[in-house]
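Architecture and fold: a report
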Amino acid sequence: MTEQDRVTVNDPHGPVNNGEGHQYVYYGAGTDWMIRKGVEPLRIVREDRVRLSLRFARPAGFRIAADLLEKPGSVVLLDAPPGSGRRAAAIMLLHELGEDGGADEEGARFEELPASEKDEPRLAPAVGDRFLLDLSGITDEEAYAKAQRLLAVRRSQVAEAGAHLVVVLASGMEHAHAPDLEPHAVMLGRPRGVAVVTRHLRMDRMVFHPADLRTAELLRLCDRSPMRELARLAGLVRAARDSGRFGADFAGWLDQAMHALTDRAGEVGRQVAEIRTAPDRALLLATAVFEEIRADTVYEAWHGLMKAVGHEEDPTTELASTDFGERLAALGIKRGADGRLRFERLAYADAVRAYFWTNFPGVRDDLKKWIDGAAGLHGLTTDDRVSVVVRYGERSLAVGRPVHLFDLVVRWADIATGSSCDPRAVAGLELGLTHEEFGAWFRQRIYACARSGPLSEGLARVLATVCHRSLGTTHPDQAVVRLHYLAVRRGEAAREAREALLDLVGRDRRLYRLLIDRLRDRAHQEHGRSEPHLLLLTELLRSNRAPDPPPWPDLFLGWETVFSQPPAEPWNPLVRSWLNGVMGDSTRGLALEVIVGATHGRTAALHRLYTIACGWAGVSRHPSRVAVAALLWQHIDRAQNARTGSPAHAGTGPPTTEEAR
């Protein structure tokens, strides 16, 4: 190979997974972390879109869709077969729309919309906003008809606002498409499989010759396999390289990856057929779930699995049985110098897990019971526990059992002690939320829990953490709804949910307005139960919580609600926060006029504002405090004069000691 024949990339831009399996990214410590899967599913935060763009191969029809989408207010419907990368194409259409700087400006949205609204926030698009609506998972005609009726409303909203919407249509439901969708639909072809593999390999800094990708077997694979399988193939090539166990040349790594992708299922099937005893089958499965974990812990997990499936213990002593090392060797399992177990063949553990979950449906409940305890074994590190949960969760979701994973999340969260989240629960819920097929199912379950009756502190804390860190990134409007329900509960976890909610909306002016509107609605609607919403609204309206520059019209509406209903005690910290804010930043002086205006001249309200300002200024009688208080008194005087024609306070000088009291 000559130097110019080599294909290499020195800057892959984005996270690189340097090992077999999935990539985990941790943020901070304690509850401030979350898990992100590697290749799939696709998430639409900017860094993931950039990473996807570097690996994306355009399918036929992409340019047509891009031209249709370019006009403000446009809606494009993508019709493409499963496995063609249709969701990735939808994300890239929207992403590339903003690459010229228009739609990615501050304040513009890039979000995925839920297929149904229920209690979700009403869509309120603005110019340049970009939305993805994925209907590809709907298989029921009635549900599809409802989704299309909602789509008609959203199309009108997007068109009126000058936003952009891309919809992934359900495959095989063409007969159920509304006739008015036809002008907006674009049929996408299948990307060139070799191009997909090539781009992924280049981003992994692979050095290879183009001829290496022209073998008949690989070309057949590229022509037939779903895009996610081709991305997985590239990941397996990287894993073979990084493991150091499969030679030192690209051809060898590719050969191992091809075998792992095409032959492993058959190899596992033949091995399981040859193994006739329950203990050996259980050891094979336990190692597959606990691969790369220390042998003693796998041994303990193995015995836990046999107990979970009801296997009777051998009455003979262990010393009279086949020893553990011999059993491992017979199954093709190696114990490394570090004491950790791994299979000799690339990606064999993945294939073993897939085989057992697919072909032994009768033991899935037993496996759930086993993982419940095994994921908490003392020999496991936090990373080990997360790996085990993700491996279990992937298989449960692959066979259509999201409830198994969610039940374990609830179980682990409920038994958590102290003030930290159980990492198993967070990892499991994060995995479910990011799953392409079941993400909406998990979002709905979180919604149902947040609205339900009593929750354990542990579960409320896990739900709040995941809504803040994960859902707040991918579906911020939905995160606000769920955190709102969690924040108006009682207890320490509710306090943490309030902080998470206020932090989330404090970083986004649109979300800030959304929460003000929600809290005002609840305060007016829930007679006799409005106090938690009012208290949260009062906290939200404080100076240190407001975006900069402050959204005065929204603050006025919020203050108007607070000042019109009891209790009045929270007024003190609210008004004081703005007096402090104005003292530190004169550009916020408009707050004093807006606060007074929000009382609508009610005498009792004006008197309370005056008293609060007197107390605030009288604490130190500092000239700057007195000046700010005097300005507020002037606004109060004007409001009182406008209402009664007589001054509320004869002067605007410093208050006396008696007045301050």
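Cut-offs and rules
Residues numbered from 1 in each chain as written. Predicted model: local features only at pLDDT ≥ 70, side-chain atom pairs only at ≥ 80, totals over all residues. Heavy atoms only, no water. Core = buried A, V, L, I, M, F, W, Y, C linked by side-chain atoms within 4.5 Å. Buried < 20%, exposed > 50% of the residue type's maximum accessible area, 1.4 Å probe, protein only. Helix = DSSP H or I, 4+ residues; strand = E, 2+ residues; numbered from the N terminus. Contact = heavy atoms within 4.5 Å. Arc of directions from axis to C-beta. Salt bridge = Lys/Arg side-chain N within 4 Å of Asp/Glu carboxyl O. Pairing = 2+ DSSP bridges. Phe/Tyr/Trp six-rings, centres within 6.5 Å; stacked < 30°, edge-to-face > 60°. Axes fitted to C-alpha atoms, helices over the stretch in contact; angles between N-to-C directions. Parallel < 35°, antiparallel > 145°, perpendicular 65-115°, else oblique. Left-handed = near helix turned anticlockwise from the far one by under 90°. Nonpolar A, V, L, I, M, F, W, Y, C, P; charged D, E, K, R; others polar.

Below, the discussion takes up the nonpolar core. If you look at the biggest cluster of nonpolar residues, it comprises 129 residues, and the most contacted ones within it are Phe290, Trp370 and Trp559. No other element matches helix α27 (residues 603-618), which puts nine residues into this core. If sequence neighbours within four positions are ignored, Trp370 has contacts with Ala286, Val289, Phe290, Ala301, Gly304, Leu305 and Ala308. Residues Leu213, Met227, Leu233 and Leu254 belong to the second largest nonpolar core, which totals 29 residues.

Turning to helix α6 (residues 216-224), its buried residues number three or more, namely Leu218, Leu221 and Cys222. The buried residues of α6 occupy an angular sector of 100° when the element is viewed end-on, so they sit on one face. Those residues of α6 that are exposed and angled more than 90 degrees off the buried face are Asp223 and Arg224. The elements touched by buried residues of α6 are α5 (193-203), α7 (227-243) and α8 (250-262).

Scanning the model with the defined rule gives 30 salt bridges in all. The closest approach of N and O atoms between Glu111 and Arg109, which form a salt bridge, is 3.2 Å. The class of Arg109 is buried, set by a relative accessible area of 5%. Among the ionic pairs, Glu292 bridges to Arg342, the shortest N-O distance being 2.9 Å. One end of the pair, Glu292, is in the loop between α10 (278-289) and α11 (295-308); the other, Arg342, is in strand β7 (residues 341-343), and 50 residues separate them in sequence.

This paragraph deals with the pairing of strand β1 (residues 74-79). Burial within β1 is extensive, with six of its six residues counted as buried. Here β1 shows two buried faces, one formed by Ser74, Val76 and Leu78 and the other by Val75, Leu77 and Asp79. In terms of strand pairing, β1 meets strand β4 (residues 164-168) through five bridges, oriented parallel. If you follow Leu78 over to β4, its bridge partner there is Val168. Strand direction decides the pairing type here: β1 and strand β5 (residues 185-187), joined by three bridges, are parallel. Counterpart to Leu77 in the pairing with β5 is Ala185.

The next thing to look at is the packing of aromatic side chains. For the structure on display, the rule yields 19 aromatic pairs. Between Phe290 and Trp370, the ring centres sit 5.8 Å apart and the planes meet at 50°, which makes this aromatic pair tilted. In this pair, Phe290 sits in the loop between α10 and α11 while Trp370 sits in helix α14 (residues 364-374), placing the two residues 80 residues apart along the sequence. Taken as a pair, Phe290 and Trp370 share a single burial class, namely buried.

Moving on: the packing of helix α17 (residues 423-433) against helix α19 (residues 457-474). Look at α17 against α19: their axes get within 10 Å of each other, and the N-to-C directions meet at 45°. In terms of their interaxial angle, α17 and α19 are classed as oblique. α17 and α19 meet at a crossing whose hand is right-handed. The segment α17 lies against α19, with Ala425, Val426, Leu429, Glu430 and Leu433 engaging Val462, Leu463, Val466, Ser470 and Leu471. Grouping the constituent residues of the contact of α17 with α19 by class yields eight nonpolar, one polar and one charged.

This part takes up the sheet that holds β5. Strands belonging to one sheet form pairs held by backbone hydrogen bonds; the direction of such a pair is parallel or antiparallel. Strand order across the open sheet formed by five strands is β2-β3-β4-β1-β5, with parallel pairing between neighbours. Every other strand in the sheet has two partners, leaving β2 (110-112) and β5 as the edge strands with one partner each. Here the strands of the sheet are splayed against their neighbours by 20° on average, with no regard to which way each runs. Alignment of strand β3 (residues 130-134) against β4, held across five bridges, turns out to be parallel. What sits directly across from Leu133, in β4, is Val167.

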